[in-house]
Amino acid sequence: MRRFLWSFALLTAVALAAGLAGCSGGGSAKVAAGKRIVILTNGNSPFWDACRKGVSEAEKDLKLADAGLKAELDVNDGTPKGQIDKLRQYASRADVVAVGVSALDASNAEVADRMRELQAKGIKVITVDSDVDRDQMRDTRFAFVGTDNLAGGKELGKCAKGLRPDGGKYVTFVGRLGAQNAKERINGFAEGAGSKFQSLDSMGDNIDLIKARENVRNAITNHQAKGLNVLVGIWSYNAPAIVDVVKEKNVRDKFTVVTFDAEPGAIDEMGQGQIDAMVVQNPFKMGYDGVKLLKALVEDDKDTVKKMLPEHGKPNGDVYDTGLKVVVPDADTPLKADMFDAKTEVLKLGAFREWLKKYGLTGS
Amino acid sequence: MASDPTPAPAVRPALGIARFFQRTEWGLVLAIGVVLLVTVGLDTDHVYWHNPGPSVKDIVRQTVLLGIFALGAAVVIIAGGIDLSAGSVIAFSGTICATLLLWLAPDAVRLNQPLPLWVMTVACLGALLSGFLIGSLHAWLITVVGLPPFVATLATLVGLRSLSRALVAYVNQNSTQIPIPNREFRALANELWIPIAVCLALLAAVWLLMSRTVVGRHLYALGGNENAARLSGVPTDRLKWLAYCVSAVLSSVAGILYVASVAVVEPETLGKGYELNAIAAAVVGGCSLQGGIGSIPGTLLGALFLRVVMDGVAKIIKSSADVYEGLIVGVVVAVAVAFTQLRQAGRGGVRFFSGGLGLAAIVNLSLFAGVLLALLLRESELGGWTIFGSVAALVAVLLTGVRFAEGRRHKQK
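**A short note on the overall build of chain A**
Each helix and strand in chain A was counted, giving twelve helices and 13 strands. When each of the 364 residues of chain A is scored for burial, the buried share is 51%. Across chain A, contacts joining residues at least 24 apart in sequence account for 76% of those joining residues at least 6 apart.

Here is the structure:
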């Protein structure tokens, strides 16, 4: 019995210690008290750092604290289960009032059901960056804030077309071939590049940066003889992977390199002439405008919602486009603004860097 | 505990109230209660108090899924082995289940139409059969080929996930996943009573096997001292076959339920790292990794304890709790197991902080406590360095006091 009492005393002591720690924590929690607007990512990448900046900028600009609100970015572990667990967790908490989800998998029925459950509890739900299946699951969210990946792929394809008017053969590199944005970008690329371009392979690396480089090495070894001359990076980290291998093999003059997103490393490489064009999304704006829309929904601020989504209720009126940029080197380039969609902004690298600096970003 | 022939607490006769309260299970119930109370107190919204329903459902759902394959891990550990493959067996059997669904009813799966019951039955049986075969493979590699259990199950841990990925790519046109959107199949996990019933039925079966049958006692004997067991005529090889099959089949059951709960098979991520959760649940639940000791109800309580801690962390920290989840679970597991081990070994008078290593431990724990609290309370007005300094100093003083007290007690003896 004595030993039992001893253990009980120890447990109580541990609990008390934890309690004490928590009481001092309570002070900080009070500062941060309030209802939460959460942006849930699909996985982890520098892309989300820019989004996080947008979220905290919106928190300050839109004075969320005055409205008893707080905005934050919650990073998923890149698995469907992780996303489902987090959505369940929000449903069981009292402080989450609005959620922006970057759907890891557009047509996952369970993710959709969890989003419906949140809505049924009165929590406002939108998608950010990556939408759900628009044919089957539109009802799971109020709107989508992000970029049209198919359109982005097309713009990247047009870059390749502009750089190689006679056509070419390409390989696409991506984290996961099954991801919705990967599929859309790859299909968009083929469409934008046109019939003179032929795809030799699409290689997935499962977000393993070492494997990403191996894939580029294998592609060059296996396909150079077949006429491979365009290397296409589909996810942000594929750009530095391509550049590293091209430099290592000293074959820059044989390949056109076009990539998605602008990681800090990729921006430097473009400055050194290693990348010919980048199609850049605006994760900062996704975070900022995602929070703005969710705040308006929470406060039932119909004017702001109307301003952001004037066509809501009509076909595709629930899509809020955060825009695309095509970034080209400062040196001479055959790529001109009139080759792209009117809504797409074409920027020289210098101007793009200025834009990043303005918002304190290192990449986008 | 090879030298300790005492069977598990589960079969140890209860001698009076003190003995009863000393059991690992009771300690766990107490610990779970403490964690729940701490969570109620520290969660600024007090969700457990005001609206416990969704949290209870979530914890139960996660616990029964983890519990199912943790029971299997416990059986193998009690029998003196180790099964590192649980996560990959979950992925593989889930893949087999989804593949069979897709082959037998391609239209129903692709177009989300009602799935016939017989298709679901065949798919589930196929997954269970794959579990049985994997368990048999483990037993063969260990007893016939002579591989250590660690190596045999490490090989399948790596190999089966890879095989599952290749299979999915083959079956579903180079995709990395097979979506299973059908409501009937997802009901296996979403109708919460089904996983609960499955878990309780398996708990009862495994508990009966381990504590009420000769086979169960032989498994404890095998884990306690394999040579002695063999010399006493216990069929050790066949018992290992049984233990590894129980583990793999239970992982397959969990695999089916996990697929139903996420509506997709993605072998790259499904069940990744879960083997360690299962082993942690078993060990927290009172199983000794040296074999021969362990409790089946304790293992389920261990799983519940882990999930309660994880949910508590999410409720208290609120923003990006999962960043700290691993850290806190790691600490809690180490404390809980150290606690059990010390009690089992009856080492109440052990000196934790004597000598050079003890000093290093004081430095370690003080720094650790300081860093942890400075990170957790980073939003407070006090500032990180102040919190770090004061907490580290406080813990250092406390532990140094413990060191002196230990020294004096030792001298008195």
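**With respect to the overall build of chain B**
Across its full length, chain B carries 18 helices and two strands. What you see for chain B is a C-alpha radius of gyration of 23 Å, in line with the 22 Å of a compact globule of 413 residues. Put simply, chain B has 413 residues, and 49% of those count as buried. For chain B, restricting intrachain contacts to residue pairs at least 6 apart in sequence, the fraction spanning at least 24 positions comes to 75%.

**A closer look at the nonpolar core**
Within the largest apolar cluster, 158 residues are counted, with the highest numbers of intra-cluster contacts made by I68, V75 and L101 of chain B. In terms of residue count, the dominant contributor to this core is helix α13 (residues 236-262) of chain B (16 residues). In this structure, A212, V243, V246 and M278 of chain A belong to the second largest nonpolar core, which totals 51 residues.

**Observations regarding the confidence of the model for chain A**
All names here are of chain A. Per-residue confidence for chain A gives a mean pLDDT of 87; residues scoring 70 or more make up 91%. A low-confidence stretch, residues 1-5 stays under pLDDT 50, and its non-local contacts, those more than four residues away or across chains, total seven contacts. Low confidence marks residues 15-32, where pLDDT is under 50. Its contacts with residues over four positions away, or in another chain, come to 21 contacts.

**Description of the pairing of strand β8 (residues 228-233) of chain A**
Residue and element names in this part refer to chain A. Summarising burial for β8: five of the six residues are buried, a large majority. As defined by bridge partners, strand β6 (residues 168-174) adjoins β8 across five bridges and the pair is classed as parallel. Looking across to β8, one finds that Y170 is bridged to V230. Summarising the sheet, β8 and strand β9 (residues 256-260) pair through four bridges and their orientation is parallel. Of the residues in β9, the one forming a bridge with V230 is T256. The parallel pair β8 and β9, bridged by helix α8 (residues 238-249), forms a crossover whose chirality is right-handed.

**Points about helix α2 (residues 47-61) of chain A**
Residue and element names in this part refer to chain A. Between its terminal C-alpha atoms α2 stretches 22 Å, which fits the 21 Å expected from 15 residues at 1.5 Å a residue. For α2, the complete set of buried residues consists of F47, W48, A50, C51, K53, G54, V55, A58 and E59. Count one or two residues on from α2 and you reach K63, which has phi positive near 50°.

**What about the sheet that holds strand β10 (residues 277-280) of chain A?**
Residue and element names in this part refer to chain A. Strands sit in the order β7-β6-β8-β9-β10-β12-β13 across an open sheet of seven strands; the sheet is mixed. Of all strands in the sheet, those bounded by a partner on one side alone are β7 (197-204) and β13 (345-348). Averaged over all pairs of adjacent strands, the angle between strand axes in this sheet comes to 20°, irrespective of strand direction. The pairing of β10 with strand β12 (residues 325-328) spans three bridges and is classified as antiparallel. Its bridge partner lying in β12, V280 is registered against K325. Each of β12 and β13 is contacted by helix α12 (residues 349-358), which is oriented at about 100° to β13, the strand it contacts most.

Rules of the game
- Residues numbered from 1 in each chain as written.
- Chains lettered and ligands numbered in written order.
- Predicted model: local features only at pLDDT ≥ 70, side-chain atom pairs only at ≥ 80, totals over all residues.
- Helix = DSSP H or I, 4+ residues; strand = E, 2+ residues; numbered from the N terminus.
- Buried ≥ 20, exposed ≤ 12 C-beta atoms within 10 Å, placed from the backbone.
- Contact = placed C-beta atoms within 7 Å.
- Rg over C-alpha atoms; globule rule 2.2 N^0.38 Å.
- Core = buried A, V, L, I, M, F, W, Y, C linked by C-beta atoms within 7 Å.
- pLDDT = per-residue confidence, 0-100.
- Pairing = 2+ DSSP bridges.
- Right-handed = clockwise from strand over helix to strand, strands pointing away.
- Expected span 1.5 Å × (residues − 1).
- Axes fitted to C-alpha atoms, helices over the stretch in contact; angles between N-to-C directions.

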